[in-house]
Amino acid sequence: MEKILIVVGAILLIVAVTEIAPRIRVPAALALVVIGAAIGIMPIVPALHLDPEWILVGVLPPLLYAAAVQMPAMEFRRDFGTISALSVLLVLVSALALGFFFWVVVPGIGLATGVALGAIVSPTDAVATSIAKKLGVPSRVTAVLEGESMLNDATSLVLLRAAIAATAATISFWGVLVNFVYAVVLAVAIGAVVGMLNLRVRARVHDPAVNTAISFTVPFLAYLPTEELGASGLVAAVTAGLITGAGATRFLTPRHRISDTQNWRMVAMLAEGGVFFLMGLELFGLMGDVVNEHNGVQHAVWLGLAALGVALAIRAVYIVPLVWWVDRRRQRGEAMRPILENYTATATAGASKRDDARVRRRFTRWRRRFHLRRHPDPDKTSPTTMSPETAGRINARITRALADIDYYDDAPLGRKEGVIMVWAGLRGVVTVAAAQTLPDDTHSRSLLVLTAFVVAAASLLLQGGTLSWLIRRLRLPDTVEDKRAERLRLRADMDATMQAAMAQSEVVREIPWLRARIEQATREAEDIGEEDADDEDMIDGDRSEGANPGPVIGTGATYGLNLAERAQMRAVRREIIAVQRARLLSLRREGSYSSEALSRVLNQLDAEEISLELQGG
């Protein structure tokens, strides 16, 4: 009974803090850490020592999976190079540099142990990064930080395993490299298989409750077999989430998607809050162990603060050339724009498969030569014989490349964004959980574990507590008008799609007055949706979570209609929704609009389709 009461009380506390903290402009995660630490100090509360497996196996896979499902696939693809540079090379450089630092300043530990602790405190944390997301960080910076935090765990944990193994035996650099490649490649393969099977199985399940129950097992189905095979289970869970998120609109019904979103949001809220609350509760027990072994915690405190300072310095030095490289890439795209705008692949009758293959190879080679600054005019190097399918694919690639260039221009990663990327790289629960996996016979283990905790706690309190102030001080350009202009362009595109769908509808041809009624209903819904979007743009914070899915078809347009006429109107509207959703998916593949704008309209269509179903449509 006591344990049940404790769990219920913890849930109520997490809910209360999550609701109240934004009103006083304090991140809920920071408040829960402080509250947990205050409770843990009370004499009636016993010292808490949580098994790290509960975090590494029970909490992180579903949390990372939930974050990956919500990750915009288009932005992830566009910034994959930047994300890879941060999640692999930066973690490796930080772990080695911090390992040398710990080896010098902590008496009695070897270099391998120092590198192990460096690997523990190097990765940023997806749960902690959610703090940055809720403080109004630019969407591109948020996408990069989320992608980095989802993938850098693989680098850090593989490096941690190698360093622990090196404390007991000799291990070569090539052995670590082979293990890392094996861990990532196998994890991606298993995660991709699980993600695709997840979509195809759930597409055949009609009950939303059963469908969501199946989704709760997916991160563990990806994680557990991958770990058994010696690869990175977290990367497998992330891969499964990315594939699920990218294919959800195609395979899952609106009811399933909305049910998934709400249930996973609840799970993520409780899991994140519980993790930060437990971090605070564990503080007193860790401090007690260090006091018994080292006669005080001062050494661990200054060691943790110094390590955090070193990690931030390394991150800053690393991000400076990275931002320069990203800007050079943007400039190369600008130089490529006029060539792409003036090039169109034209189909030719009688093209063979061999001709198509030759065209695709030459087009790919031309793009490579361009990036190496050896870029002849494509009209002089491209053959003229190709099938309509190949011409369509090449033109689609050109359209997507132009959209990518626009994206890099509209959301650049400059010096101000680089400063945010440095300061928003928070450490969190992964650092604390991984530290507790150090072997029990590790020299000064309690000191090292508390040092990792200090790094995570100080990162959350110092960086998380001042990030909002930093964003205001940087005075980033206001993007409200740009977002509104994009929404209006997308609205015009959807209106044109609706007109084309009604022109093809047999019901509208038979009952012409339906056109005016549907246009009226659409205008009512779009006007309300635009007002809601403008209100959200004026509020700092995460606009994807908790966002209103949008208005549904208005009641004014159905006034005076009998039941049969209303049924006909619903049937036509469902036809239009299907065509508009297909158009949105096509626009997403092209990259013509931001994921935020496309997701908003998709949510509106889902809400309207569910409303039509409830009305008997």
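Residues numbered from 1 in each chain as written. Predicted model: local features only at pLDDT ≥ 70, side-chain atom pairs only at ≥ 80, totals over all residues. Heavy atoms only, no water.

### Some details on the confidence of the model for the protein
Per-residue confidence for the protein gives a mean pLDDT of 79; residues scoring 70 or more make up 82%. Considering only residues more than four positions removed or in separate chains, one finds that residues 379-383, a stretch of pLDDT under 50, has eight contacts. (pLDDT = per-residue confidence, 0-100. Contact = heavy atoms within 4.5 Å.)

### A look at the pattern of salt bridges
Side chains bearing opposite charge may pair, as long as their charged atoms lie close to each other. Tallied over the full model, the rule gives 15 salt bridges. One salt bridge connects R23 with E19, and the closest N-O pair in it is separated by 2.7 Å. Residue R23 is classed as exposed on the basis of its relative accessible area, which comes to 64%. Accessibility expressed as a relative area gives 45% for E19, which makes it partly exposed. Residue D404 is joined to R78 by a salt bridge in which the shortest nitrogen-to-oxygen separation is 2.6 Å. One end of the pair, D404, is in helix 16 (residues 388-410); the other, R78, is in helix 4 (residues 73-78), and 326 residues separate them in sequence. The class for D404 is buried, based on a relative accessible area of 11%. (Salt bridge = Lys/Arg side-chain N within 4 Å of Asp/Glu carboxyl O. Buried < 20%, exposed > 50% of the residue type's maximum accessible area, 1.4 Å probe, protein only. Helix = DSSP H or I, 4+ residues; strand = E, 2+ residues; numbered from the N terminus.)

### Comments concerning the packing of aromatic side chains
A full pass over the atoms with the stated rule returns six aromatic pairs. Taking the centre distance of 5.3 Å and the plane angle of 55° together, the rings of Y65 and W264 count as tilted. Of this pair, Y65 sits in helix 3 (residues 52-70) while W264 is found in helix 12 (residues 254-294), placing the two residues 199 residues apart along the sequence. Each member of the pair, Y65 as well as W264, carries the same accessibility label: buried. (Phe/Tyr/Trp six-rings, centres within 6.5 Å; stacked < 30°, edge-to-face > 60°.)

### A closer look at the side chain of N198
As for its placement among the helices and strands, N198 is situated in helix 9 (residues 173-202). With relative accessibility at 5%, the residue N198 sits in the buried group.

### Some points on the environment of Y407
Assignment of secondary structure puts Y407 in helix 16. On the accessibility criterion, Y407 (13% relative accessible area) is buried. Taking the C-alpha atoms as reference points, Y407 and Y593, separated by 186 residues in sequence, lie 8.7 Å from one another. Other than its neighbours up to four places away in sequence, Y407 contacts E75, R78, D79 and R140.

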